[in-house]
Amino acid sequence: MATLDGLPPLRDVIQRHGLDARKALGQNFLLDLNLTQKIARSAGPLEGVTVFEVGPGPGGLTRAILSLGAAKLVAVERDSRCLPALAEVSDHYPGRLEVIEGDALKTDFASLVKEKAASGPVKIIANLPYNVGTQLLLNWLLPEDGIWPPFWDSLTLMFQKEVGLRIVADEEDDHYGRLGVLAGWRTDAHMVFDVPPQAFTPPPKVTSTVVHLTPRSSPLPCDVAKLERVTQAAFGQRRKMLRQSLKPLGGETLLAKAGIDPQRRAETLSVAEFVALANIL
Ligand code: SAM
């Protein structure tokens, strides 16, 4: 039985190509095309957009992105077993899908965009492998070339809910930490909707969530390395007062220069206050 997009059901694709899920590759597949369309739609309109996807796997989200009209989709997949299944998707959407076999952690996305993207916006959409999701987000938030605004216009990413909560957290929130400061400094980030374990094959242990991030055009000026040092020291001992946790960086003197009460704790500081501390370092 054909599906809405005229391609075979994903369950058949997985069976025909022997794509039994591998835990080491973070493989939890989405087989419901209504759900993958809902995820792709949360990235906003896709007509005229170049999309980059990490880990297309058997192609559920890939198919949704293409059916919603993305001008071009470049997908980076580490598991070569998925390539024949993805070639069928590519044949169905001639000239629009390019699959690159490789490790997304080692991929220079900024160069890839220069090489592959058509004119128009660039969006990243992915159901990320959980073992590398946070690192990939950090790579996109803190690009090595230091160029900001970055090459992407939005990120629409599936994470474990726990990680999603940390990305969107503000001060005074239990989940607020280094990730919340870095994401809050450079982007507007919000959670879109949760996805229960049963939606995946095989089901993971925990609930997942889709997070949408758009870059701030002019985040508060700050040196990334210094901001990292301050957040690491402050949240490394999050239950301690800042005069204690920031001692290696200047403690009370540093805090006095920034006008911050030394008795406060890391989770009470706004992004702007972390930036102020980093700029004094
Ligand atoms: N997009 C598919 C879906 O939604 O059903 C699969 C998502 S699955 C959670 C993660 C995918 O990322 C798998 O296909 C896996 O092989 C791939 N993957 C894992 N580590 C990767 C890496 N370092 N670089 C690129 N792809 C990777």
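- Under an unreviewed UniProt entry, the protein chain has the name Ribosomal RNA small subunit methyltransferase A and belongs to Neorhizobium lilium.
- What UniProt records for the protein chain under Catalytic activity (unreviewed entry) is the sentence "adenosine(1518)/adenosine(1519) in 16S rRNA + 4 S-adenosyl-L-methionine = N(6)-dimethyladenosine(1518)/N(6)-dimethyladenosine(1519) in 16S rRNA + 4 S-adenosyl-L-homocysteine + 4 H(+)".
- Turning to the protein chain, the UniProt annotation filed under Sequence similarities (unreviewed entry) states: "Belongs to the class I-like SAM-binding methyltransferase superfamily. rRNA adenine N(6)-methyltransferase family. RsmA subfamily."

## What about the sheet that holds strand β4 (residues 97-101)?
Logical step 1: Within the open sheet, the 7 strands sit side by side as β4-β3-β2-β5-β6-β9-β7. Their pairing is mixed. Single-partner strands in this sheet number two, and they are β4 and β7 (187-195). Taking the axes of each pair of neighbouring strands and ignoring which way they run, one obtains an average angle of 20° across the sheet.
Logical step 2: As defined by bridge partners, β7 adjoins strand β9 (residues 208-215) across 8 bridges and the pair is classed as antiparallel. Following the sheet pairing, Met-191 is matched in β9 by Val-211.

## A look at the site of the ligand
Logical step 1: Around the ligand sit 20 residues in total, of which Leu-30, Gly-55, Glu-77, Asp-103 and Ala-104 are the nearest.
Logical step 2: Within the backbone of Gly-57, a nitrogen or oxygen atom sits 3.4 Å from an oxygen atom of the ligand.
Logical step 3: Note that a nitrogen atom of the ligand is positioned 2.8 Å from one of the side-chain N or O atoms of Asp-103.
Logical step 4: For the ligand, the protein covers 99% of the area, taking 590 Å² as the surface of the free molecule.
Logical step 5: Counting only elements with at least two residues in the shell around the ligand, the list comes to β1 (29-30) and β3 (72-77).

## Some points on the nonpolar core
One recurring pattern in soluble globular proteins is that nonpolar side chains are buried together.
Logical step 1: By size, the foremost hydrophobic cluster in this structure holds 54 residues, and its most contacted members are Leu-137, Trp-140, Leu-157, Ile-167, Leu-227, Leu-246 and Phe-274.
Logical step 2: Domain assignment of the residues forming this core places at least three in each of domain 1 (10-215) and domain 2 (224-280).
Logical step 3: Other than its neighbours up to four places away in sequence, Trp-140 contacts Val-54, Phe-109, Ile-124, Trp-148, Phe-151, Trp-152, Leu-155 and Leu-157.
Logical step 4: Residues Leu-7, Ile-39, Leu-73 and Ile-125 belong to the second largest nonpolar core, which totals 26 residues.

## Quick word on the domain arrangement of the protein chain
Logical step 1: Entries for the protein chain in the domain assignment read domain 1 (10-215) and domain 2 (224-280).
Logical step 2: Computed over C-alpha atoms, the centres of domain 1 and domain 2 are 33 Å apart.
Logical step 3: Taken together, the contact between domain 1 and domain 2 spans 13 residues of the former and 15 residues of the latter.
Logical step 4: Of all residues in domain 1, the largest losses of buried area upon contact with domain 2 belong to Tyr-176, Arg-178 and Trp-185, amounting jointly to 46% of the total for that side.
Logical step 5: On the surface where domain 1 and domain 2 come into contact, there are 4 residue pairs in polar contact (both at pLDDT 80 or more).
Logical step 6: Across the side of domain 1 that touches domain 2, the residue classes break down as 5 nonpolar, 2 polar and 6 charged.

## Considerations on the pairing of strand β6 (residues 154-160)
Logical step 1: Taking burial as the measure, the 7 residues of β6 include 6 buried ones, the bulk of the element.
Logical step 2: Judged from the 5 bridges that link them, strand β5 (residues 122-127) and β6 form a sheet pairing that is parallel. Each residue of the ladder has a partner; that of Ile-124, found in β6, is Leu-155.
Logical step 3: Running through helix α6 (residues 133-141), the crossover from β5 to the neighbouring parallel element β6 is right-handed.
Logical step 4: Pairing between β6 and β9: 6 bridges, direction antiparallel.

Cut-offs used in this document
Residues numbered from 1 in each chain as written. Predicted model: local features only at pLDDT ≥ 70, side-chain atom pairs only at ≥ 80, totals over all residues. Heavy atoms only, no water. UniProt positions renumbered as here; feature names shortened; annotations may be inferred. Pairing = 2+ DSSP bridges. Helix = DSSP H or I, 4+ residues; strand = E, 2+ residues; numbered from the N terminus. Axes fitted to C-alpha atoms, helices over the stretch in contact; angles between N-to-C directions. Near = heavy atom within 4 Å. Polar contact = N/O pair within 3.5 Å; in protein donor to acceptor, adjacent residues only side chain to side chain. Areas by Shrake-Rupley, 256 points an atom, 1.4 Å probe, with all protein chains shown as cover. Core = buried A, V, L, I, M, F, W, Y, C linked by side-chain atoms within 4.5 Å. Buried < 20%, exposed > 50% of the residue type's maximum accessible area, 1.4 Å probe, protein only. Domains from an automatic or database assignment. Contact = heavy atoms within 4.5 Å. Buried area = accessible area lost by both parts, 1.4 Å probe. Nonpolar A, V, L, I, M, F, W, Y, C, P; charged D, E, K, R; others polar. Right-handed = clockwise from strand over helix to strand, strands pointing away.

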